[in-house]
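The primary structure of each chain is shown beneath.
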Amino acid sequence: MKTENSRYNRQGIFTQLKKYINRHSIKLVALLAFLMLLSACAQSSSNEGAGEKHIHFLFNVSTNSLDPHVDMTYIPVRAGITETLVRVDEENVTIAPWLAESWDSTDGQHWTIKLREDVTFQNGKEMDAEAVKASLERALDESVAIENALKIDEIEAEGYTLHITTKEPFPEFISELVNPNVSIIDVTEEDFTNHPVGTGPFALESFTPGSKLELVRYDEYWDGASKLDSVTFSFNEDASARSLALESGQADIVYRPEVESIETLQANEGIMVEATETFRTHNLTMNLDRDSLKDVNVRRAVDVLLDRQEIVDTIMLGYAEVADGPFIPTLPFAPSYEKKETGTDIAIQYLEEAGYTLENGQMQKDGEPLHFTVLTYGSRAELPLIAQVFQSNAKQIGIEVEIRQIEVPEEYMASNRDWDLITYSNVTSPRGDAGYYLNATYHPTGALNFGSVNDPELTGIIDELNRTVDQDVRAKLTEQAAAYIDEQKIHSFLIHPSAVVAYDENKVKNWVTTRSEYYMITNQLDVN
C-alpha cells in the first residue's frame, strides 16, 4: 500500500519534471526547432502561393537513412514512397492485398504469390516478378533480421508470379511481408540511403537527413494519383515544439503533440485532435546478460516499482491504458491477468528472496550494491519521465539508477551490452497476430531480441506457434507464451499509449489515424 508521504513525493517528482520540461525543452529545444521549421516551411509557403496543394506533416522520430530494408523508423512507407506486398487491414485486424493480388500455399512452405500487373516504380519502370524478387533478395542480404523473419530458402520469378519456398513450414509467412523493411523498391537505382525509388503515391524529391523529406505526387500511381501536389515530411523529436508548430501554422498535421498541450490545442478553433488505440506497448526491456537480472525475483522487483495507473493519469494524462502484458486486451489472443500489486514494500520482499538486504541505505548482496543503468530516448517524451520516476522509486529502497539518454535505441542496444533496462516502445501485434512480436523479441534469432532472451520453454512454445495454422490453436499458444513471459517477468509491460494526432481541420482532408502506425501519407490525403 502507498503511504500519503510516498504519494506526495511522487507528485512532487512529476511537478518537478514538468517544470523542467517547460523551462528547458520549450525555451531551448523548441526555439531551435522553430528556426528549422521556418526554414523548412519557406518552400512550402512558396508552393502554396503558386496555387499548389501542399501539406506539411511533422513526425516525432527522425532518420538519417531512407533505405527501407534496414531503416527502423519505417519512414519510406509512412511517407508514401514505398509499399509492401500485403498490408494491415486496420478494421478487421488482419492482412490484406497491396502490391500482391493474392497468395496460396497447400503446405505452408511452398508459396505462390500473384502480383498486380498495373504497378510501376516512380521512375516509370515496370514492377514485375523479377523486380520484386530482386528487392526481396536485397532485403534478405542487407538484414539478418529480415532473413530470420522470412525464413526464405528460394525465390523464383515468372511474369507477375512469385514462387517462394521457405526453409521450413511457416504458415504465417505472408503476414511477415507486412513489415515495412520488406518494402519493394527498384534495386537498379543506386542511392538507397538518400533516394529510394518505390511504388507509392509520392516520389522523393529531396532528403535532408535528420530534418525533412520533400515529396511530389507520382502521377502514374497504380491506385490513382493523389490530389496533393506535394508534401513536406519533417522531423522534430521535441513534443512541445511539434505542438507549437501546429498552433503557429508552420505545420498542418502533427504526430504525437505534447500531451500537456492537448487541451490548449483543442481550444483553438480549427484544430482537430484525434486519439486512437494502437497496437503499441511501452515497456521496461531487461538485459538478461546482466547478472542481477538473471534472477527472476530481481526482475519481479523491477516490475512492481512502477505504478502503471499513475503513469496513465499523471504522465499520459489519460491518453493510454494500463498494460498487463504485451498485447492490448481487446485482441482475441490476449490472456486475462490477475490484478497486480505494486509498491516499494513488495519490491523489497522480492529482493530479499533474491538474497538482497537493505544495509546503510543501500540494497546489496554479498557486499555488492544493486545498481541499474537505464537507457531512454526523447522521441517519445514520456519515456524519459518514466525512467526518472523509476529512478526515484528505486532510490527509496536503496537502489542507485543511472539514466543514460541515447539517440537510436535499436542501434545502441544491438551494439552495446553495458545497460540493464531501457524504457522502450514497440508495436506488438501490427498484423493482428502475435507471431511477429514473439519471434522478434523472445526467440533467440529474433531481430528485436535486445534482452538476449534464450529460454528453452518459451522458444519451444514459439516454435510450435510457427508451425501452427489453426487460428484457435494459435490463440491458445499465444496466451501460453504471454502467460509464461508474465510469470517469468521477461520484460515489464507498462502502458498501451494512444496514437494522438492534431491537425488543421480547416485545411486537411481525409487524414486517418491508423492503429498500426504504418500508413500516414496516402493518395487519399487532400486539402479543403
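Calculation rules
- Residues numbered from 1 in each chain as written.
- Predicted model: local features only at pLDDT ≥ 70, side-chain atom pairs only at ≥ 80, totals over all residues.
- Heavy atoms only, no water.
- Phe/Tyr/Trp six-rings, centres within 6.5 Å; stacked < 30°, edge-to-face > 60°.
- Helix = DSSP H or I, 4+ residues; strand = E, 2+ residues; numbered from the N terminus.
- Buried < 20%, exposed > 50% of the residue type's maximum accessible area, 1.4 Å probe, protein only.
- Pairing = 2+ DSSP bridges.
- Contact = heavy atoms within 4.5 Å.
- Expected span 1.5 Å × (residues − 1).
- Polar contact = N/O pair within 3.5 Å; in protein donor to acceptor, adjacent residues only side chain to side chain.
- Axes fitted to C-alpha atoms, helices over the stretch in contact; angles between N-to-C directions.
- Patch = residues over 30% accessible without salt bridge, like charges linked within 9 Å, V, L, I, M, F, W, Y side chains within 5 Å.
- Areas by Shrake-Rupley, 256 points an atom, 1.4 Å probe, with all protein chains shown as cover.
- Salt bridge = Lys/Arg side-chain N within 4 Å of Asp/Glu carboxyl O.
- Lys, Arg positive; Asp, Glu negative; His and termini not counted.
- Charge placed at Lys NZ, Arg CZ, Asp CG, Glu CD.
- Core = buried A, V, L, I, M, F, W, Y, C linked by side-chain atoms within 4.5 Å.

Turning to the packing of aromatic side chains, a few remarks are in order. Evaluated as defined, the whole model comprises 19 aromatic pairs. Between phenylalanine 59 and tyrosine 255 the ring centres are 5.4 Å apart and the planes differ by 45 degrees, which places this aromatic pair in the tilted class. One end of the pair, phenylalanine 59, is in strand E1 (residues 54-59); the other, tyrosine 255, is in strand E11 (residues 253-255), and 196 residues separate them in sequence. This pair shows no difference in class: phenylalanine 59 is buried, exactly as tyrosine 255 is. An angle of 90 degrees between the planes, with centres 6.3 Å apart, marks the rings of tyrosine 424 and phenylalanine 450 as edge-to-face. Here tyrosine 424, found in strand E20 (residues 421-427), pairs with phenylalanine 450, found in the loop between helix H13 (435-442) and helix H14 (456-467); they are 26 residues apart in sequence, far enough to count as distant. For the pair tyrosine 424 and phenylalanine 450, a shared accessibility class is recorded, and that class is buried. Ring pairing ties together the aromatic residues Phe57, Phe59, Phe233, Phe235, Tyr255 and Trp511, which thus form one cluster.

Here we come to the pairing of strand E2 (residues 86-89). The pairing of E2 with strand E3 (residues 94-97) spans 4 bridges and is antiparallel. Counterpart to arginine 87 in the pairing with E3 is alanine 96. If you look at the hairpin formed by E2 and E3, you'll find 4 residues sitting between the two strands, and valine 93 has a positive phi there, around 50 degrees.

On to unusual backbone geometry. In this model, arginine 256 sits at a positive phi of 55 degrees, which is unusual for a non-glycine residue. In this fold, arginine 256 is placed in the loop between E11 and helix H7 (262-267). In this structure, serine 452 takes a positive phi of about 55 degrees despite not being glycine. Its place among the elements puts serine 452 in the loop between H13 and H14.

Another aspect to go through is the environment of valine 527. With respect to the helices, strands and loops of the structure, valine 527 is situated in strand E23 (residues 526-527). Other than its neighbours up to four places away in sequence, valine 527 contacts Lys53, His54, Ile55, Leu228, Lys507 and Lys509.

Further remarks concern helix H15 (residues 471-488). The end-to-end C-alpha separation of H15 is 26 Å, in line with the 26 Å expected for 18 residues at 1.5 Å each. Among all positions of H15, only Arg474, Ala475, Leu477, Thr478, Ala481, Ala482, Tyr484, Ile485, Asp486 and Gln488 are buried. Residues of H15 that are buried in the fold lie against helix H8 (296-304), H13, H14 and strand E21 (492-504). Regarding H15, its N-cap is aspartate 470, as a side-chain oxygen of that residue lies 3.0 Å from the backbone nitrogen of aspartate 472 further along.

So, on to the pairing of strand E4 (residues 100-105). Looking along a regular strand, one sees side chains alternate from face to face of the sheet. Sheet topology places E4 next to strand E5 (residues 110-115); 5 bridges connect them, and they run antiparallel. Looking across to E5, one finds that serine 105 is bridged to tryptophan 111.

Quick look at the sheet that holds strand E6 (residues 152-158) now. If you trace the 4 strands from one edge of the open sheet to the other, you get E4-E5-E7-E6, paired in antiparallel fashion. Looking at the sheet topology across the chains shown, the edges are occupied by E4 and E6. Strand-to-strand, the axes of this sheet are offset by a mean angle of 20 degrees, without reference to chain direction. Here E6 runs beside strand E7 (residues 161-166); their pairing, made up of 6 bridges, is antiparallel. Bridge pairing links isoleucine 155 to isoleucine 164 in E7.

The subject of this paragraph is the side chain of threonine 468. Residue placement: threonine 468 occurs in the loop between H14 and H15. For threonine 468, the side chain forms a polar contact with the main-chain oxygen of glutamate 464, separated by 2.7 Å. With residues up to four places along the chain from it excluded, the contact list for threonine 468 reads Pro171, Val473, Arg474 and Leu477.

This part takes up H13. Across the 8 residues of H13, 8 count as buried, placing the element largely inside the fold. Among the residues of H13, those classed as buried are Gly435, Tyr436, Tyr437, Leu438, Asn439, Ala440, Thr441 and Tyr442. Those residues of H13 that are buried are in contact with helix H5 (173-176), E20, H14, H15 and E21.

In this section: a negative patch on the surface. Residues Asp153, Glu154, Glu156 and Glu158 make up a contiguous surface patch of negative charge. Inspection of the secondary structure puts aspartate 153 in strand E6.

Bringing the sheet that holds strand E17 (residues 368-369) into the picture now. One open sheet holds the 3 strands; their spatial order is E15-E16-E17, and the pairing between them is antiparallel. The open sheet has two edge strands, strand E15 (357-359) and E17, and neither has a second partner. In this sheet, E17 lies alongside strand E16 (residues 362-365) in antiparallel orientation, the contact comprising 2 bridges. Counterpart to glutamine 364 in the pairing with E17 is proline 369.

Here we take up the side chain of lysine 133. One can find lysine 133 in helix H3 (residues 129-142). A distance of 2.9 Å separates a polar atom in the side chain of lysine 133 from a polar atom in the side chain of glutamate 137.

Turning our eyes to something else, we now look at the nonpolar core. Residues Leu85, Leu162, Phe173, Phe372, Phe390, Leu438 and Tyr442 are the most contacted members of the largest nonpolar core, which totals 113 residues. With 7 residues, helix H11 (residues 382-396) is the single largest residue contributor to this core. With residues near it in sequence (within four places) discarded, phenylalanine 390 still touches Leu284, Val302, Leu305, Leu306, Phe372, Val374, Val401 and Leu421. Core analysis: the second largest hydrophobic core is formed by 28 residues, Ile75, Ala79, Leu215 and Tyr503 among them.

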